[in-house]
Amino acid sequence: RYEPTWGSLDARPLPAWFDEAKFGVFIHWGLFSVPSFGSEWFWWYWQKEKREPYVKFMEANYPPGFSYEDFGPLFTAEFFDPNQWADILKASGAKYVVLTSKHHEGFTLWGSKYSWNWNAVDVGPKRDLVAELAASVRNRTDLHFGLYHSLFEWFNPLFLEDATNAFKTRKFPTSKSLPELYEIVTKYQPEIIWSDGDGNAPDTYWNSTDFLAWLYNDSPVRDTVVTNDRWGIGSICAHGGFYTCSDRYNPGHLLPHKWENCMTIDRSSWGYRRDAWLGDYLAIEDLVKQLVETVSCGGNLLMNIGPTHDGRIAVVFEERLRQVGAWLKVNGEAIYGTKPWRAQNDTVTPGVWYTFSPKEGKVNAIFLNWPVSGTLELGEPQAKLGETQVRLAGYKELLKWVALGEKGMVIALPQLTPQQLPCQWGWILQLTDIN
């Protein structure tokens, strides 16, 4: 049994499925999807920081005295079709999904008994959005279902009172945040708890270690659940299951601990925003590059989309997800279930990243630019004459190669028209029998 101490909790082995999965989809959905302007931090920027674009936006588009609470009934979700979402998630090639059950605004997407009249069952769609998506994901896909939950809430009076008392009182976690966590685990049995928003309070204020001990020892998901590292100030990148370290974290080198790169397709926001331009969205080439770099360095990629207030996944997000899925259909062997190789990227040719497939004993060299010369030089692999074989993923014939001294090789790529290429945006050379 795990004790409620970081020493004990951090010793828990990470369930194997998470490292094997490599790729997940993050979904930021909430009341911030109604104004869908600027950022999911809309309420904070408008009311607390009084940032000019947000103040002007409200003055121009809403009546005087309109409050953030008034967005509640406008969060309608009339086009929300959880089966359609599940089908898009499946098509993306993702192996898990993390839905925001509650963001820093405090509005819960399930009918929480600890969030009276500030949840999606009492206000707005009058639907349990968490339950509906969980059911569709489990019925139609093999994805693991996870939930994001914000510990703190910007304007909750109980939290503000505790903060004023320098967190010596604990009214908010005991009456709101912790009961919600126990509630979502018991009710929806998520296999990921993605915690966030420590509100500058320590883990002792949040009682995080007690919750995690219960989660690992006695909860319905004790054997499969995976957690992140955001459980109070100072715990990020130090305690918990996998490390996130910061948003959009991509170190570019191997880390000794399992980590995740959570990032957004929209460069500027996690929630949907109507003021986005095409150039604000990462292109598929950028997304493949992020995936490849992250996995080669031992991380998972959690790629975020923001649905609209009426429950649609915007077509630009759907297209990106389906493109990643099309790429993974050809190249998934070099991503899923792989381990980092002894070298993460090539020493001679930039834009080449390595993964290792332990079951087949294959080294995967992933190159993001097709060379004009038709040959690819690799500085890292040590090839063996008469033994080493090189294949291009999605192409039948073996490729010809020559060794360069002790280390390195030059590989002749097949001469293919763009239509004949097995995929776009990045290609995999599978090397077998190399040192």
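Residues numbered from 1 in each chain as written. Predicted model: local features only at pLDDT ≥ 70, side-chain atom pairs only at ≥ 80, totals over all residues. Heavy atoms only, no water.

An unreviewed UniProt entry lists the protein under the name alpha-L-fucosidase, with Pardalotus punctatus given as the organism. What UniProt records for the protein under Function (unreviewed entry) is the sentence "Alpha-L-fucosidase is responsible for hydrolyzing the alpha-1,6-linked fucose joined to the reducing-end N-acetylglucosamine of the carbohydrate moieties of glycoproteins." (UniProt positions renumbered as here; feature names shortened; annotations may be inferred.)

Draft legend 1. Broad picture of the UniProt feature "domain: Alpha-L-fucosidase C-terminal" (unreviewed entry) in the protein. Feature annotation in UniProt places "domain: Alpha-L-fucosidase C-terminal" (unreviewed entry) on residues 344-432, given in this structure's numbering. Taken end to end, residues 344-432 is 0% helix and 37% strand, and its first and last C-alpha atoms sit 17 Å apart. (Helix = DSSP H or I, 4+ residues; strand = E, 2+ residues; numbered from the N terminus.)

Draft legend 2. Representation of the side chain of histidine 144 within the structure. Summarising the element assignment, histidine 144 is placed in strand 3 (residues 144-150). At 3.0 Å, the side chain of histidine 144 forms a polar contact with the side chain of glutamate 191. When sequence neighbours within four positions are dropped, the list of residues in contact with histidine 144 reads Trp17, Lys95, Tyr96, Val97 and Glu191. (Polar contact = N/O pair within 3.5 Å; in protein donor to acceptor, adjacent residues only side chain to side chain. Contact = heavy atoms within 4.5 Å.)

Draft legend 3. Quick look at the pairing of strand 8 (residues 352-357). Of all six residues in strand 8, five are buried; the element is thus mostly enclosed. Pairing analysis gives six bridges linking strand 8 to strand 9 (residues 362-367), with the strands arranged antiparallel. When the bridges of strand 9 are listed, tyrosine 354 appears paired with alanine 365. Taken together, strand 8 and the strand that follows it, strand 9, pair antiparallel across an intervening segment of four residues, in which glycine 361 is found at a positive phi of about 65°. (Buried < 20%, exposed > 50% of the residue type's maximum accessible area, 1.4 Å probe, protein only. Pairing = 2+ DSSP bridges.)

Draft legend 4. Structural view of the packing of helix 7 (residues 157-164) against helix 8 (residues 171-188). Direction vectors running N to C along helix 7 and helix 8 enclose 150°, while the axes themselves pass 8 Å from each other. The angle between helix 7 and helix 8 falls in the class roughly antiparallel. Where helix 7 crosses over helix 8, the two elements pack in a sense that is left-handed. Touching Leu158, Phe159, Glu161 and Asp162 of helix 7 are Lys171, Phe172, Pro173 and Ser175, all from helix 8. Looking at side-chain class alone, the contact of helix 7 with helix 8 contains four nonpolar, one polar and three charged residues. (Axes fitted to C-alpha atoms, helices over the stretch in contact; angles between N-to-C directions. Parallel < 35°, antiparallel > 145°, perpendicular 65-115°, else oblique. Left-handed = near helix turned anticlockwise from the far one by under 90°. Nonpolar A, V, L, I, M, F, W, Y, C, P; charged D, E, K, R; others polar.)

Draft legend 5. Focus on the UniProt feature "domain: Glycoside hydrolase family 29 N-terminal" (unreviewed entry) in the protein. Residues given the UniProt feature "domain: Glycoside hydrolase family 29 N-terminal" (unreviewed entry) here are residues 1-333. Helix makes up 36% of residues 1-333 and strand 12%, whereas the separation of the span's terminal C-alpha atoms amounts to 36 Å.

Draft legend 6. Representation of the packing of helix 5 (residues 82-91) against helix 6 (residues 129-140) in the model. Remark: helix 5 packs on helix 6, axes separated minimally by 8 Å, with the N-to-C direction vectors making an angle of 50°. On the basis of the axis angle, helix 5 is oblique to helix 6. Taken as a pair, helix 5 and helix 6 cross one another with a handedness that is right-handed. Residues Pro82, Asn83, Trp85, Ala86, Asp87, Leu89 and Lys90 of helix 5 touch helix 6, and the partners they reach there are Glu132, Leu133, Ser136, Val137 and Arg140. Per-class residue counts for the contact of helix 5 with helix 6 are six nonpolar, two polar and four charged.

Draft legend 7. The sheet that holds strand 1 (residues 23-27), seen in detail. Reading across the sheet, the seven strands line up as 5-4-3-2-1-7-6 and stay open at both edges, with parallel pairing between neighbours. Every interior strand has two partners, whereas the edge strands, strand 5 (226-227) and strand 6 (259-264), have only one. When strand 2 (residues 96-102) meets strand 3, the two strands line up parallel, connected through six bridges. Residue pairing for strand 3: leucine 99 is matched across the bridge by leucine 147.

Draft legend 8. Representation of the pattern of salt bridges in the model. Under the counting rule described, the total for this entry stands at 27 salt bridges. For lysine 171, the salt bridge identified is with glutamate 161, shortest N-O distance 2.7 Å. One end of the pair, lysine 171, is in helix 8; the other, glutamate 161, is in helix 7, and ten residues separate them in sequence. The closest approach of N and O atoms between arginine 322 and glutamate 318, which form a salt bridge, is 2.8 Å. Taken together, the residues span about one helical turn, with arginine 322 and glutamate 318 both in helix 12 (residues 315-331) at a distance of four residues. Within the structure, one salt-bridge network assembled from shared partners comprises Asp19, Lys22, Lys258 and Lys339. (Salt bridge = Lys/Arg side-chain N within 4 Å of Asp/Glu carboxyl O.)

Draft legend 9. Region of interest: helix 12. With 17 residues, helix 12 extends 24 Å between its outermost C-alpha atoms, agreeing within 8% with the 24 Å of an ideal straight helix rising 1.5 Å per residue. Every buried residue belonging to helix 12 is among Val316, Phe317, Arg320, Leu321, Gln323, Val324, Gly325, Trp327, Leu328 and Asn331, and all of these are buried. The inward-facing, buried residues of helix 12 abut strand 1, helix 5, helix 11 (284-296), strand 7 (299-305), strand 9 and strand 14 (427-432). (Expected span 1.5 Å × (residues − 1).)

Draft legend 10. Layout of the state of the cysteines. Going through the model one piece at a time under the given rule, you end up with one disulfide. Between cysteine 237 and cysteine 245 runs a disulfide, and the two sulfur atoms are separated by 2.0 Å. Here the disulfide of cysteine 237 and cysteine 245 is right-handed, its torsion about the S-S bond being about 65°. For cysteine 245, a relative accessible area of 15% gives the class buried. With no disulfide of its own, cysteine 262 lies 9.9 Å from the sulfur of cysteine 245, the closest cysteine sulfur. In this model cysteine 297 remains outside any disulfide bridge; the closest cysteine sulfur is found in cysteine 245, 13 Å from its own. (Disulfide = S-S within 2.5 Å.)

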